Amino acid sequence: MISVEDKIVLITGASSGIGESCGKIFAQSGAKLILVARRQEKLEKLAEELTQKFQTKTYLLKLDVRDRQAVESAINSLPESWKDIDILINNAGLSRGLDKLHLGDFNDWEEMIDTNIKGLLYMTRYIVPGMVSRDGGHVVNIGSIAGRGAYPGGNVYCASKAAVRAISEGLKQDLLGTPVRVTEIQPGLVETEFSEVRFHGDTEKAKNVYKDLTPLTGDDIADLVFFCVTRSPHVNISELLVVPTDQANGTMIHRHNTSKIKEEN
Ligand code: NDP
Ligand code: 8X3
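The structure presented is a predicted model; accordingly, all values stated were derived computationally and were not measured.

**Topic: the nonpolar core**
Part 1 of the argument: The biggest cluster of nonpolar side chains holds 34 residues, and the ones touching the most others in it are Phe-26, Leu-33, Ile-89, Ile-185, Ile-221 and Val-225.
Part 2 of the argument: Sorting the residues of this core by element identifies β1 (8-12), α1 (17-28), β2 (32-37), α2 (40-54), β4 (87-90), β5 (138-142), α8 (218-229) and β7 (239-242) as the ones contributing at least two each.
Part 3 of the argument: Ranked by the residues each element gives to this core, the list is headed by α8, at seven residues.
Part 4 of the argument: Setting aside anything within four residues of it in sequence, one finds Phe-26 in contact with Val-4, Val-9, Ala-31, Leu-33, Ile-87, Ile-89, Val-225, Phe-226 and Val-229.
Part 5 of the argument: If you look at the next biggest cluster of nonpolar residues, it comprises 25 residues, including Ile-8, Leu-10, Met-123 and Val-180.

**Quick notes on α2**
Part 1 of the argument: When the terminal C-alpha atoms of α2 are compared, their 21 Å separation across 15 residues agrees well with the 21 Å that a helix rising 1.5 Å per residue should span.
Part 2 of the argument: When α2 is considered as a whole, its buried residues turn out to be Leu-43, Leu-46, Ala-47 and Leu-50. Buried residues along α2 cover an arc of 100° about the axis, so they all sit on one side. Exposed and oriented more than 90 degrees from the buried face of α2 are Glu-41, Lys-45, Glu-48 and Gln-52.
Part 3 of the argument: For α2, the elements touching its buried residues are α1, β2 and β3 (58-62).
Part 4 of the argument: Looking one or two places after α2, you find Gln-55, whose phi comes out positive at around 55°.

**Quick notes on the site of ligand 2**
Part 1 of the argument: Taken together, Ser-144, Ile-145, Ala-146, Tyr-151, Tyr-157, Phe-194 and Arg-198 are the residues near ligand 2.
Part 2 of the argument: Note that an oxygen atom of ligand 2 is positioned 2.6 Å from one of the side-chain N or O atoms of Tyr-151.
Part 3 of the argument: Tyr-157 places a side-chain nitrogen or oxygen 2.6 Å from an oxygen atom of ligand 2.
Part 4 of the argument: Residues of the shell around ligand 2, tallied by class, amount to five nonpolar, one polar and one charged.

**Some points on the packing of helix α3 (residues 68-76) against helix α4 (residues 106-134)**
Helix-helix packing: each pair is described by the crossing angle between the helix axes and the interaxial distance.
Part 1 of the argument: Contact geometry for α3 and α4: axes closest at 10 Å, N-to-C directions at 30°. Accordingly, the angle class assigned to the pair α3 and α4 is roughly parallel. Judged by the twist between their axes, the crossing of α3 over α4 is right-handed. Counted together, Arg-68, Val-71, Glu-72 and Ile-75 of α3 and Tyr-122, Met-123, Tyr-126 and Ile-127 of α4 form the full contact between these two elements.
Part 2 of the argument: Across the contact of α3 with α4, the residue classes break down as six nonpolar, no polar and two charged.

**Observations regarding the packing of aromatic side chains**
Part 1 of the argument: Scanning the entire structure with this criterion turns up four aromatic pairs.
Part 2 of the argument: A ring pair is formed by Tyr-59 and Trp-82, whose centres lie 5.8 Å apart and whose planes are at 40°; its orientation type is tilted. Taken together, the positions of Tyr-59 in strand β3 and Trp-82 in the loop between α3 and β4 put the pair 23 residues apart, joining distant regions of the chain.
Part 3 of the argument: When the ring of Phe-106 is compared with that of Trp-109, the centres are 5.2 Å apart and the planes differ by 75°; the resulting orientation is edge-to-face. Taken together, the residues Phe-106 and Trp-109, both in helix α4 and three residues apart, mark about one turn of the helix.
Part 4 of the argument: For Phe-106, a relative accessible area of 58% gives the class exposed.
Part 5 of the argument: Taking the relative accessible area as the measure of exposure, Trp-109 reaches 24% and is therefore partly exposed.
Part 6 of the argument: Above the ring of Tyr-157, the side-chain terminus of Arg-198 is found at 5.4 Å from the ring centroid.

Quick notes on the rules
- All residue numbers refer to positions counted from 1 along the written sequence of the respective chain.
- For naming, the first written chain is A and the first written ligand is 1, with later ones following in the order written.
- Only residues with pLDDT of 70 or above have their local features reported here, since the model is predicted, and side-chain atom pairs are shown and tallied only from 80 upward, although totals for entire chains, interfaces and linings are computed over all residues.
- The basis for the side-chain values is all heavy atoms of the structure; hydrogens and waters are excluded.
- Nine residue types can take part in a nonpolar core, namely buried Ala, Val, Leu, Ile, Met, Phe, Trp, Tyr and Cys, and a core is a set of them joined through side-chain atoms within 4.5 Å.
- The classification of residues rests on relative accessible area computed with a 1.4 Å probe and restricted to protein chains. Under 20% of the type maximum is buried, over 50% is exposed, and intermediate values are partly exposed.
- Starting at the N terminus, helices and strands are each numbered in turn, a helix being any DSSP run of H or I of at least four residues and a strand any DSSP run of E of at least two.
- Here a residue-residue contact requires only that any non-hydrogen atoms of the pair lie within 4.5 Å.
- Expected span, for any helix, means 1.5 Å times one less than how many residues it has.
- Directions pointing from the helix axis toward each C-beta atom define the arc.
- Near is defined per residue: the residue qualifies when any heavy atom it owns lies within 4 Å of the molecule or strand.
- Any N or O atom pair separated by 3.5 Å or less is treated as a polar contact, with the protein-specific requirement of one donor-capable and one acceptor-capable atom, and with residues adjacent in sequence counted only for side-chain atom pairs.
- Side-chain classes are defined by residue name, with Ala, Val, Leu, Ile, Met, Phe, Trp, Tyr, Cys and Pro counting as nonpolar, Asp, Glu, Lys and Arg as charged, and the others, Gly among them, as polar.
- For helices, the fitted axis covers only the stretch in contact; all axes are lines through C-alpha atoms, and the angles between them, taken along N-to-C directions, range from 0 to 180 degrees.
- Angular relationships are summarised with four words: roughly parallel below 35 degrees, roughly antiparallel beyond 145, roughly perpendicular across 65 to 115, and oblique for the angles in between.
- Two helices that cross are described as forming a left-handed crossing if the nearer one is turned anticlockwise from the farther one by less than a right angle, and a right-handed crossing if clockwise.
- Only the six-membered ring of Trp is used, alongside the rings of Phe and Tyr, when aromatic pairs are assigned; centres must lie within 6.5 Å, and planes under 30 degrees apart are stacked while those over 60 apart are edge-to-face, with the rest tilted.
- A ring is scored as having a charge over it whenever the NZ atom of a lysine or the CZ atom of an arginine sits within 6 Å of its centre and within 35 degrees of its normal.

Encoded structure:
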């Protein structure tokens, strides 16, 4: 196991869910954190908590990862002591809607593609060259079970996560010969703000996604991110699929109030 003490870890989507949990687990082990999201107040609250509990050094970036110029300027203007990013966790992402493709909403599509694919690419493009020239680094991309196969209504979200899978695979190939590692983690159902965002703030609908099953938590995923990053330098965990015990694949979920496994949709 390698130590993350004093390593600089940049986490996108640190204001909630999986990203927030990643902040906590890395802070606990003495890492320095660059926390990225659009909701500055949430980042401030997390940073305050981590500083109090673990004396964590944090640097906050209020940033929309869809904005290429803003990403470029944010990364290029990091203070000297924060420039040498060791670990990039490309976690910011979202789903919007569950409409059939032929009835889909164009704005939903743009938002998912721009965030999940282009945002991840921008962060990677501006940060990884530094890792290569410093001879070290680790990129962790948060993909999804959705990237391994579409489910009804998932269409564009699933496509965006299939892209994350291909980008992770391609990045690993392109970094071969360098010590920079690439990991893609593909979670199944994790209870976060994800479904609330998908259903545009409909909390009732969001709650039902996790009804009568035991979903994964943000902490479960952060634990795996931490595991992958702390393996010996010669070990690259390239991909990791993780689902709740109550889930078999993108469509088969076991709800405790039903006596048999039920195919959804
Ligand atoms: P949350 O909605 O709880 O968190 C999403 C995070 O992404 C928030 O911090 C949000 O911050 C940030 N974000 C969204 N858009 C942008 C943007 N344009 N610029 C910067 N930050 C942005 O969901 P999760 O924690 O569940 O999601 C994290 C990742 O995990 C996503 O990539 C998601 O696709 C993936 N995933 C989630 C699963 C689940 O079941 N929950 C399963 C598989 C994968 P803010 O709004 O403040 O900008
Ligand atoms: C999030 C998990 O199954 O809702 O990526 O697509 S799922």
